[in-house]
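Listed here are the chains, written in short residue letters.
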Amino acid sequence: MHYQSPSGSLFVDAGKILEEWGSGYSFNPVNVLIPPKNPDSPLKVREGVTMLKLELLFPESSLAAIVAGSEDGSSANQEFVLPDSKERRRFALKLDHPAGQVDLSWVHAQGGLNNVEVLNHMQGDPHEPALMHPVNGVSWTAVFGDALELHGEL
């Protein structure tokens, strides 16, 4: 489902979405909602995460809020399910805004299960998957001239 307000400043999306945050290509610590690569896929592609996403656009910034969660203990994918897996849901916020020539993205996420531990548990590891610790981060990108881009994440 996709909804856009008549003013074009409010978006609501619900369903399976591949939400990639941050600017890193191989190291992307602020990409807090991306699931692991599907080992059954011949191309090892990532599938989207079922979520509810609200995004507000302002003249020079945007704010996104997302709720996603684990459907059940037999799936490593994070699914949006209410109300029976409250402790497994993830809540994430992202604020994007410019600071001069630099674009900043501030990220906060909390909740959810560790996907690697869920995969291990599904393959026989007796340890229960742990809840993930809250994550805070910032990603920045700056473009110099026509083609030089510098970016980083913390």
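Nothing here was measured: the structure is a model prediction, and the numbers come from that model. (Residues numbered from 1 in each chain as written. Predicted model: local features only at pLDDT ≥ 70, side-chain atom pairs only at ≥ 80, totals over all residues. Heavy atoms only, no water.)

### What about the environment of L150?
Let me state the cut-off plainly: Numbering of helices and strands runs from the N terminus; a helix is a DSSP stretch of H or I covering at least four residues, while a strand is a stretch of E covering at least two. For every residue, the accessible area (1.4 Å probe, protein chains only) is compared with the maximum for its type, and the residue is labelled buried under 20%, exposed over 50%, or partly exposed between those bounds.
Position of L150 among the secondary structure elements: in strand 8 (residues 148–153). On the basis of relative accessibility, which here comes to 48%, the residue L150 falls in the partly exposed class. Along the primary structure L150 and W140 are separated by ten residues, whereas in three dimensions their C-alpha atoms are 8.2 Å apart.

### Brief notes about the nonpolar core
For clarity, the cut-off: In these notes, a set of buried Ala, Val, Leu, Ile, Met, Phe, Trp, Tyr and Cys residues joined through side-chain atoms within 4.5 Å is what counts as a nonpolar core.
If you look at the biggest cluster of nonpolar residues, it comprises twelve residues: I17, W21, V30, V32, L33, V49, M51, I66, A68, A92, V107 and A109. If you list the elements that add at least two residues to this core, you get strand 3 (49–57), strand 4 (62–68) and strand 6 (102–111).

### Concerning the pairing of strand 8
Quick note on the threshold: A pair of strands is labelled paired if DSSP reports no fewer than 2 bridges between them.
The pairing of strand 7 (residues 135–144) with strand 8 spans six bridges and is antiparallel. Paired with W140 across the bridge in strand 8 is G152. The turn linking strand 7 back onto strand 8 is made up of three residues, and G145 within it adopts a positive phi angle of 70°.

### A word on the pattern of salt bridges
Keep this limit in mind: Salt bridge, as applied in this entry: a Lys or Arg side-chain nitrogen positioned within 4 Å of an Asp or Glu carboxyl oxygen.
Under the counting rule described, the total for this entry stands at three salt bridges. As a salt-bridge pair, K53 and E19 come within 3.0 Å of each other at their nearest N and O atoms. Of the two residues, K53 sits in strand 3 while E19 sits in the loop between strand 2 (10–17) and strand 3, which places them 34 residues apart along the sequence. Note that K53 and E55 form a salt bridge whose closest N and O atoms lie 3.6 Å from each other. Note on K53: relative accessible area 10%, which makes it buried. One salt-bridge network, held together by shared partners, links E19, K53 and E55.

### Concerning the confidence of the model for the protein
Threshold: Known as pLDDT, the predictor's per-residue confidence is scaled from 0 to 100.
Scored by pLDDT, the protein has a mean of 79; 76% of the residues are at 70 or more. When pLDDT is averaged over each element of the protein, strand 5 (residues 90–99) comes out on top at 92 and helix 1 (residues 115–122) at the bottom at 74.

### Quick look at the environment of L119
Within the secondary structure, L119 sits in helix 1. When its relative accessible area of 25% is taken as the criterion, L119 is described as partly exposed.

### Some details on the side chain of D96
Put simply, the rule is: Contacts described as polar in this section are N or O atom pairs within 3.5 Å, which, within protein, must combine one atom able to donate a hydrogen with one able to accept it, while residues neighboring in sequence count only if both atoms come from side chains. Between two residues, a contact is recorded if the distance between any of their heavy atoms is within 4.5 Å.
Within the secondary structure layout, D96 lies in strand 5. At a separation of 2.3 Å, a polar atom in the side chain of D96 contacts the side chain of S105. Contacts of D96, omitting those with residues within four sequence positions, involve E60, S61, S62, L104 and S105.

### Concerning the sheet that holds strand 8
Here is the rule: Lines fitted to C-alpha atoms define the axes, with helix axes restricted to the stretch in contact, and inter-axis angles between N-to-C directions lie between 0 and 180 degrees.
Read from one edge of the open sheet, eight strands run 1-2-3-4-5-6-7-8, paired in antiparallel fashion. Unpaired on one side and paired on the other, strand 1 (2–4) and strand 8 mark the two borders of the sheet. For this sheet, the mean angle separating the axes of adjacent strands, direction not counted, is 15°. Two strands pair when backbone bridges link them, and strand 5 and strand 6 are joined in this way by ten bridges, in the antiparallel orientation. In the sheet register, A99 faces strand 6, and the bridge partner there is V102.

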